[in-house]
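# Tertiary structure, described
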Amino acid sequence: MITRFYRLLNFPMKYSLPVFIFSIFIISCTTQKAITVTDQPQLKLIGQYDVPHNQVFQNTTIGGLSGIDYDSENDIYYLISDDRSSTNPARFYTAKIFLSEKAIDSVQFISVKNLLRPGGTIYPNTKQDPFHTPDPEAIRLNKKTNQLVWSSEGERMIKNDTILLRDPSVNIISLDGNHIDSFIVPSNMQMQSVQKGPRHNGTFEGMCFTADYSKLFVSLEEPLFEDGPRAGLNDSSAWVRIIQFDVRSRKPEKQYAYKIDPVAYAAIPPGAFKINGVTDILAINDNQLMVMERSFSTGRKPCTIKIYLAELKNAPDVSGIQSLGSETVKFTGKKLLLNMDDLGIYTDNIEGMTLGPKLPNGRQTLIFVADNNFSKDQVTQFLLFEIL
């Protein structure tokens, strides 16, 4: 999630449908089936759907949708809200997305469940208990166990005489939201009062399973303090880590170094808030990830969304390297698949992606969702692509 302090601009909500080309073998994180694409596949934007602002569903406000995953067996989507129990208790939704070969016809929310703590209670908000308030970001369905996994970014707030540290987490829950267990977080991912470890609001943003559900990848949004600076303008020196967990033992196995792009646009005024980081990942196979980078700059309302193919096969395990910025590191290779700036549409704070169902023409879909930060100036936006 990004907190927006910007000068609002007006942008037209129109789009054209250009085509982007890439060559990959796609494996859904939720279906355990390889989707083999021959020749030279194309990614085509079909359309978008915007959920009305502050739409109410079962006494909750729909918003902050930062993660999405598709259950192909039941044809439903799991969507997590990054509400820190501020508007309503921390929660996730299930929804139906009705698609055609030309558009997203509608999005119908069908249930909402609270994310529950060990013991079965709801999570508190920051006024009630800031040391136990969650920051939900990603959600994935493990079809092997019929359980959900969700990530929380934790908290790092050093202000005046107040020190608030809460480690990021990866949590296992039932389909009803009941807490089952958690993954073991690597020691270098624990929050610290000194400038070491994760940054505030820059941790476990993206997540996905491999096709056999034996591995779980979790990506940081921004660099650890010791790994170097955050993304700046006109440079590519920012490193983030992607953690590989063993699902059976719930222990971390490896870490990979991934270099993020510079911030796409200068902030207005200079020195105002700007960011680029990894917001979600999808496993293509055991050695390749689809990686989404999201760039935002104050003074520019749209976000720049780029989709990369990351290659892990020859990338070393960097879990034993204390600082990626101080050593010569062989990082994860990446190839640009799509820059949504080229689509001619408005793109909001897109943070979640999933492979969806096949269209009536037999082609695979790819669906994105935007986190509107519960702001009237932003949009809960769904984007639909078809893989030709």
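Attention here is on the structure that accompanies the text. All chains use their own residue numbering, which begins from 1 and follows the written sequence. Given that this is a predicted model, residues contribute local features only at a pLDDT of at least 70 and side-chain atom pairs are listed and counted only at 80 or more, while totals for whole chains, interfaces and linings are drawn from all residues. Heavy atoms throughout the structure, all of them, feed into the side-chain values; hydrogens and water do not.

## Thoughts on the packing of aromatic side chains
For any two aromatic rings, the description comes down to two numbers: the centre-to-centre distance and the angle of the planes. Worth spelling out the cut-off: Side-chain rings of Phe, Tyr and Trp, where Trp is taken by its six-membered ring, are said to pair if the distance between their centres is within 6.5 Å; with planes under 30 degrees apart they count as stacked, over 60 as edge-to-face, and otherwise as tilted. Secondary structure is summarised from DSSP: a helix means a run of H or I of at least four residues, a strand means a run of E of at least two, and numbering begins at the N terminus for each. Only when the NZ of Lys or the CZ of Arg is both within 6 Å of the ring centre and within 35 degrees of the ring normal is a charge said to sit over the ring.
Counting across every chain of the model gives 11 aromatic pairs. Pairing phenylalanine 368 with phenylalanine 385 gives two aromatic rings, centres 5.4 Å apart and planes at 80°, and the pair type is edge-to-face. With phenylalanine 368 in strand β26 (residues 364-370) and phenylalanine 385 in strand β27 (residues 380-387), the pair connects residues that are 17 residues apart, well separated along the chain. Through successive ring pairs, a cluster of aromatic residues spans Phe57, Tyr93 and Phe109. The ring of tyrosine 265 carries arginine 300 above its face, with NZ or CZ at 3.9 Å from the centroid.

## Observations concerning the environment of lysine 358
As a reminder, the rule being used: Summary of the burial criterion: residues with accessible area below 20% of their type's maximum are buried, those above 50% are exposed, and those between are partly exposed, where the area comes from a 1.4 Å probe applied to protein chains only.
Looking at the secondary structure, you find lysine 358 in strand β25 (residues 350-358). Residue classification places lysine 358 among the exposed positions, given a relative accessible area of 56%. On a C-alpha basis, the gap between lysine 358 and glutamate 101 in space is 9.7 Å, while along the polypeptide they are 257 residues apart.

## A short note on unusual backbone geometry
Each neighbour pair has its own omega, and for isoleucine 268 with proline 269 the value is 5°, a cis peptide bond. In this structure, proline 269 sits in the loop between β20 (251-259) and β21 (274-285). Positive phi, normally seen in glycine, also occurs at asparagine 59, with a value near 65°. If you trace the backbone, asparagine 59 turns up in the loop between β5 (56-57) and β6 (60-61). In this structure, asparagine 160 is a non-glycine residue whose phi angle is positive, near 50°. Inspection of the secondary structure assignment puts asparagine 160 in the loop between β13 (155-159) and β14 (162-166). Since its relative accessible area comes to 74%, asparagine 160 is described here as exposed.

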